[in-house]
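Coordinates in review
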Amino acid sequence: MNITILGPGAIGSLYAYKLHQAGHRVSVWGRSPQDTVVIELDGGSAIHFPNCDVTSLKASDLVIVTLKAWQVELALKPLLKHLNSDAILLFLHNGMGTVEHLATAINHHPVLLGTSTHGALRLSSSQVRHTGLGQTFIGPWNDKGSRCSFIADVLDHAFKPVAWNSEIQTALWSKLVINCAINPLTAINNCQNGGLAHKDYQQQIAMVVREATECANQVGVVLKAEEMLDTVYKVIHATAQNYSSMHQDIYNKRQSEIDYITGYVVSISKRYGIAVPTNLALYHQIKQIESSWNQHD
Ligand code: PAF
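Only a predicted model underlies this, so the values are computations on that prediction, with no experimental measurement involved.

Conventions used here
- Residues numbered from 1 in each chain as written.
- Predicted model: local features only at pLDDT ≥ 70, side-chain atom pairs only at ≥ 80, totals over all residues.
- Heavy atoms only, no water.
- Helix = DSSP H or I, 4+ residues; strand = E, 2+ residues; numbered from the N terminus.
- Rg over C-alpha atoms; globule rule 2.2 N^0.38 Å.
- Buried < 20%, exposed > 50% of the residue type's maximum accessible area, 1.4 Å probe, protein only.
- Contact = heavy atoms within 4.5 Å.
- Areas by Shrake-Rupley, 256 points an atom, 1.4 Å probe, with all protein chains shown as cover.
- Phe/Tyr/Trp six-rings, centres within 6.5 Å; stacked < 30°, edge-to-face > 60°.
- Pairing = 2+ DSSP bridges.
- Right-handed = clockwise from strand over helix to strand, strands pointing away.
- Core = buried A, V, L, I, M, F, W, Y, C linked by side-chain atoms within 4.5 Å.
- Domains from an automatic or database assignment.
- Near = heavy atom within 4 Å.
- Polar contact = N/O pair within 3.5 Å; in protein donor to acceptor, adjacent residues only side chain to side chain.
- Nonpolar A, V, L, I, M, F, W, Y, C, P; charged D, E, K, R; others polar.
- UniProt positions renumbered as here; feature names shortened; annotations may be inferred.
- Axes fitted to C-alpha atoms, helices over the stretch in contact; angles between N-to-C directions.
- Parallel < 35°, antiparallel > 145°, perpendicular 65-115°, else oblique.
- Left-handed = near helix turned anticlockwise from the far one by under 90°.

A word on the overall build of the chain
From N to C terminus, the chain includes eleven helices and eleven strands. For a compact globule of 297 residues, the expected C-alpha radius of gyration is about 19 Å, and the chain comes in at 18 Å, within 12% of that figure. A principal-axis box enclosing the C-alpha atoms of the chain has dimensions of 50 × 40 × 35 Å. Within the chain, the fraction of its 297 residues that count as buried is 54%. Across the chain, the fraction of contacts at a sequence separation of at least 24, relative to all contacts at a separation of at least 6, is 68%. Accessible surface, the chain: about 13500 Å² in total, of which carbon and sulfur atoms supply 49%.

Some words on the packing of aromatic side chains
Under the counting rule described, the total for this entry stands at two aromatic pairs. Consider the rings of tryptophan 173 and tyrosine 264, whose centres lie 5.8 Å apart with planes at 50 degrees: the pair is tilted. Of this pair, tryptophan 173 sits in helix 6 (residues 168-188) while tyrosine 264 is found in helix 10 (residues 262-272), placing the two residues 91 residues apart along the sequence. In this structure tyrosine 264 comes out as buried when scored by relative accessible area, which is 16%.

Details of the pairing of strand 7 (residues 111-116)
Note on strand geometry: in a regular strand, side chains alternate between the two faces of the sheet. Of all six residues in strand 7, six are buried; the element is thus mostly enclosed. Where strand 6 (residues 88-91) and strand 7 come together, three bridges link them in parallel fashion. Looking at the pairing, leucine 89 lines up with valine 111 of strand 7. For the segment spanning strand 6, helix 4 (residues 98-106) and strand 7, crossover handedness is right-handed. Bridging between strand 7 and strand 10 (residues 136-140) involves five bridges; their strand directions are antiparallel. Paired with threonine 115 across the bridge in strand 10 is phenylalanine 137.

Overview of the nonpolar core
Counting residues in hydrophobic clusters, the biggest one holds 64 residues, and the most contacted among them are Phe91, Ile106, Trp173 and Ile205. Ranked by residues supplied to this core, first place goes to helix 6 with twelve residues. Here this core spans two domains, and each of domain 1 (2-166) and domain 2 (169-292) adds at least three residues to it. Ignoring sequence-local partners within four residues, the contact set of isoleucine 205 consists of Ala181, Leu185, Leu196, Leu229, Val232, Tyr233 and Ile236. Ile3, Val37, Ile47 and Leu90 belong to the second-largest nonpolar core, a separate cluster that totals 31 residues.

Overview of the site of the ligand
Looking at the ligand, the residues that line it are Asn94, Lys175, Asn179, Asn183, Asn193, Val235, Asn242, Ser244 and Ser245. A distance of 3.0 Å separates an oxygen atom of the ligand from a polar side-chain atom of asparagine 179. A distance of 2.6 Å separates an oxygen atom of the ligand from a polar atom in the side chain of asparagine 242. Burial of the ligand by the surrounding chains reaches 96%, relative to a free accessible area of 280 Å². The greatest single-element share of the shell around the ligand, amounting to three residues, is contributed by helix 6. A breakdown of the residues in the shell around the ligand according to their chemical character gives one nonpolar, seven polar and one charged.

Details of the pairing of strand 5 (residues 62-65)
Side chains Leu62 and Ile64 project from strand 5 onto one buried face, and the interleaved Val63 and Val65 project onto a second face that is buried too. Direction of pairing for strand 1 (residues 2-6) relative to strand 5: parallel, over a ladder of four bridges. Residue pairing for strand 5: threonine 4 is matched across the bridge by valine 63.

Thoughts on the side chain of serine 116
Tracing the backbone through its elements, the reader meets serine 116 in strand 7. Look past the residues within four positions of serine 116 in its chain and what remains in contact with it is Tyr15, Gln135, Thr136 and Lys175.

Points about the UniProt feature "domain: Ketopantoate reductase N-terminal" (unreviewed entry) in the chain
When the UniProt feature table is mapped onto this chain numbering, "domain: Ketopantoate reductase N-terminal" (unreviewed entry) sits at residues 3-142. Counted over residues 3-142, helix gives 22% and strand 34%. Its end C-alpha atoms are 20 Å apart.

Here's the deal with the packing of helix 7 (residues 202-218) against helix 10
Here helix 7 crosses helix 10 at 55 degrees, and the two axes come no closer than 10 Å. Between helix 7 and helix 10, the interaxial angle falls into the category oblique. Pair helix 7 / helix 10 crosses with left-handed handedness. For the pair helix 7 and helix 10, contact is made by Ala212, Cys215 and Gln218 and by Val265, Ile268, Ser269 and Tyr272, respectively.

Dropping the structure here:
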């Protein structure tokens, strides 16, 4: 397939590399001013990808959006005019709430949503390390998307395990709860995901999970708090060496995805009148860190 990765950060680079190795024609669309982006995964050989190449974009059968949630709307809108109307859009980023903003602009495309628990770390402008083996679920956002389950097989062949999930909202909420528990805490406490296994965080993690799960239940997504807590600890252990994406953003003084992770839960809690004090406190702590840079820089 002709595939464009929009946002070749750590996770986007991982997919670009694996899809290229599986024999697809992959290009990337990133911020680099160069015509080519070089990616080396886990010390393997360097692969050169065309970057910001309109001809490749126009030929794309599949566009995988791996941007930060807050970048999606601004980056994707100007590119839509180049895409064939059959081009499949797959949104694969942390957090929720982005696709709703683009609904009218993208609804004529088959649209898929996905969620992945892989961990990846960018070591330099070209080097990427796969730090936590995870899994990917993809599923339909619209009717046209529901006819594209073959994309799960394509991705699974390149980067196992990938599964089709027609109830993708459940998978997205499940990932959202994981991100609410891991991301702000690792960023605030400056630790790897594995650091959260310490008993000091036990109560806070349990509260975050309980509150976020209640919000999911309110919107009709059935998640059980106890099962979610179990899953959160599994991810903490499986990605113990990984610095979460929010840790990496806050550490490097880059805008985080807090508005689309904890902020999304807070917005749902307001809509339904649910108390989410632990998530709200974490939300404000991250916001405070972000605003402190603007004051001092
Ligand atoms: O955002 C992240 O870093 C990842 O989604 C996860 C699963 C928490 C692993 O670090």
